Amino acid sequence: MKLIDNKLQELLIEVLKEKSVRNDEKIISLYERFGFLKLKEISEDNLSDLTVAYNLTQLEKLGESEKIKWQEVYDKYLITENLQWDWIERVIAKLSTLGHEVLLLKDMGLSLNIYPTRCYRRHVDVDLLVLKDTYDMLDAVLEGLGFQVGYDDNYNRSYNYMANIFGQKKAIMYLDGDKLELEFHLRPHAGRWIRPKQEPNPTSLFNNSIRVNFNDKLITRVLSNDDNLVYECIHANKHFLVLDRIIRNYMDIDKIIATGEINWENVIRIATKYEVVLPVKMALIITKELFDSSIPNYVFDKLPTKKWKMNHFKNWVVKYSIYDFMPQKKVSQLNRFLFFLLMTDSWLHTFIIIFRIFFMPINHLKARYQFSSNFLIPYYYLHNFLMIILKKRL
């Protein structure tokens, strides 16, 4: 599976690698070939320019004039990034005074215990995991802080449906024209492809989590390294392995592995227990191919998958490419549907996904289409079927 098609892509990946393994001589050689503008363009297309800028300003062999250019790129985002961190601190501090904790997910969590600096990579939103008692009282707290609470969904699903069925609430605030978007999750891995059976108990994740200093006065939580690795692998699959500037996701997986603190037997156990062997294995294969991550070979052997499925998804990744561009590439709704049907560890799981899509639980159906009368249930099951078949609205 060839994931690097040209030398410019090779330069980008090399810059994103861990400092301890990257080849500085190669970076300088390729940088002299392509220059600032070409690297900046591909970095921006993949939302990696903040990371690239930081890493290059720390590169001893790069000339001072070039470092100044990258420092300007970095500084451009720094004001907004710091402002967002300030507001996240206010949210965490307010909840803390009320006796509630949050667990920072994805890049925000990694910023506190794994990245070399807090403002290290660009993000679109901020994901936080909370427990049920916290989730139920969020709206009033967030609105009191000036956030707009709701959920703007691509499929026009109501806030009630997203909040109570998917376990997601979104809080939005505009900071000098830039959007700060907080997503609070009650379910760690909500989605049609992910059944509740495949999700770890949030309380268990909190109990296994790492308490870290948000600042000198405030403590918060991040996922344990093992849980975080599995979480990031599943997240890559929720983006179909190739969408939404996915290189950042694989870089995050590599950063977690590079801590050297992964209990691989535990990762295998978690993937097997929650029936996510195939998605975890695919994300690890891609990450190792890109970053030469330190993943023991026995890990892949102990994550058994069907050979034809592995070949299918390897071809998928090559076809769509892990690199993004503007405007962003798209995957059709039908292909997304087929992706999730095949990204399962058993045919029984595939059947359950199909069944739940067409015959979702009645309380889900009522929340999805906002009705209450039992007499309307047959109508809305038919309506849901037609929306999927005719409009591919899953």
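Right above here is the structure, for reference.
Residues numbered from 1 in each chain as written. Predicted model: local features only at pLDDT ≥ 70, side-chain atom pairs only at ≥ 80, totals over all residues. Heavy atoms only, no water.

### Focus: the overall build of the protein chain
Then, in step 1: Each helix and strand counted, the protein chain has 19 helices and 7 strands in total.
Then, in step 2: Taking 394 residues into account, the globule formula puts the C-alpha radius of gyration at 21 Å, and the protein chain, at 22 Å, falls close to it.
Then, in step 3: For the protein chain, the C-alpha atoms occupy an extent of roughly 75 × 50 × 40 Å along the three principal directions.
Then, in step 4: A buried classification covers 58% of the 394 residues belonging to the protein chain.
Then, in step 5: Partitioning the contacts of the protein chain with sequence separation of at least 6, the portion at a separation of at least 24 is 69%.
Then, in step 6: Of the side chains in the protein chain, 54 bear a positive and 49 a negative charge, and the two mean positions are spaced by 8 Å. (Helix = DSSP H or I, 4+ residues; strand = E, 2+ residues; numbered from the N terminus. Rg over C-alpha atoms; globule rule 2.2 N^0.38 Å. Buried < 20%, exposed > 50% of the residue type's maximum accessible area, 1.4 Å probe, protein only. Contact = heavy atoms within 4.5 Å. Lys, Arg positive; Asp, Glu negative; His and termini not counted. Charge placed at Lys NZ, Arg CZ, Asp CG, Glu CD.)

### Focus: the sheet that holds strand β1 (residues 103–104)
In sheet architecture, strand pairing relies on hydrogen bonds along the backbone and comes in two forms, parallel and antiparallel.
Then, in step 1: Taken in spatial order, the 7 strands make up an open sheet running β3-β4-β5-β2-β1-β7-β6, and their pairing is mixed. The sheet is open, and its two borders are formed by β3 (148–150) and β6 (210–213), each paired with just one other strand.
Then, in step 2: Where β6 lies against strand β7 (residues 219–222), 4 bridges are found, and the strand directions are antiparallel. When the bridges of β7 are listed, isoleucine 210 appears paired with valine 222. (Pairing = 2+ DSSP bridges.)

### So, the pairing of strand β5 (residues 178–185)
Then, in step 1: Most of β5 sits inside the fold, with 6 of its 8 residues counted as buried.
Then, in step 2: The sheet contact formed by strand β2 (residues 126–129) and β5 spans 4 bridges and is parallel. Each bridged residue has a counterpart across the sheet, and for leucine 128 the counterpart in β5 is phenylalanine 184.
Then, in step 3: Across 8 bridges, strand β4 (residues 168–175) lies against β5 in antiparallel orientation.

### A short note on the packing of helix α1 (residues 7–16) against helix α3 (residues 49–57)
Then, in step 1: Running from amino to carboxyl end, α1 crosses α3 at an angle of 70 degrees, the nearest separation of the two axes being 9 Å. Classed by the angle they form, the pair α1 and α3 counts as roughly perpendicular. Where α1 crosses over α3, the two elements pack in a sense that is left-handed. Across from Leu12, Val15 and Leu16 in α1, the residues of α3 making contact are Thr51, Val52, Asn55 and Leu56.
Then, in step 2: Of the residues belonging to the contact of α1 with α3, the class tally is 5 nonpolar, 2 polar and no charged. (Axes fitted to C-alpha atoms, helices over the stretch in contact; angles between N-to-C directions. Parallel < 35°, antiparallel > 145°, perpendicular 65-115°, else oblique. Left-handed = near helix turned anticlockwise from the far one by under 90°. Nonpolar A, V, L, I, M, F, W, Y, C, P; charged D, E, K, R; others polar.)

### Here we look at the pattern of salt bridges
Then, in step 1: In the structure shown here, the tally under the stated rule is 25 salt bridges.
Then, in step 2: Residue aspartate 127 is joined to lysine 106 by a salt bridge in which the shortest nitrogen-to-oxygen separation is 2.8 Å. With aspartate 127 in strand β2 and lysine 106 in helix α5 (residues 106–113), this pair connects stretches of sequence that are 21 residues apart.
Then, in step 3: Across the pair aspartate 139 and lysine 169 runs a salt bridge whose closest N-O atoms are separated by 2.8 Å. One end of the pair, aspartate 139, is in helix α7 (residues 138–144); the other, lysine 169, is in strand β4, with 30 residues separating them in the sequence.
Then, in step 4: Classification of lysine 169 as buried rests on a relative accessible area of 8%. (Salt bridge = Lys/Arg side-chain N within 4 Å of Asp/Glu carboxyl O.)

### Points about the nonpolar core
Then, in step 1: With 112 residues, the main nonpolar core has Leu56, Trp70, Leu182, Leu229, Leu241, Tyr250 and Leu284 as its most contacted residues.
Then, in step 2: Each residue touching leucine 229, except ones within four places of it in the same chain, is listed here: Ile253, Ile256, Ile257, Ile262, Trp264, Val267 and Leu284.
Then, in step 3: If you look at the next biggest cluster of nonpolar residues, it comprises 8 residues, including Tyr369, Phe371, Ile377 and Met387. (Core = buried A, V, L, I, M, F, W, Y, C linked by side-chain atoms within 4.5 Å.)

### Re helix α11 (residues 247–258)
Then, in step 1: Here α11 is 12 residues long and its end C-alpha atoms lie 16 Å apart, about the 16 Å a rise of 1.5 Å per residue gives.
Then, in step 2: All of the buried residues along α11 are Ile247, Arg248, Asn249, Tyr250, Met251, Asp252, Ile253, Asp254, Lys255, Ile256 and Ile257.
Then, in step 3: Structurally, α11 contributes buried residues whose contacts are with α1, α3, α5, α10 (225–238), α12 (264–273) and α13 (277–291).
Then, in step 4: Phi turns positive, to about 75 degrees, at glycine 260, one or two residues after α11. (Expected span 1.5 Å × (residues − 1).)

### Here's the deal with the pairing of β7
Then, in step 1: Sheet analysis places β1 next to β7, joined by 2 bridges and oriented parallel. Opposite leucine 103, over in β7, you have arginine 221 as the bridge partner.
Then, in step 2: Linkage of β6 to β7, two consecutive antiparallel strands, is achieved through a turn of 5 residues.

Function cannot be inferred from these measures alone, as they are strictly geometric.
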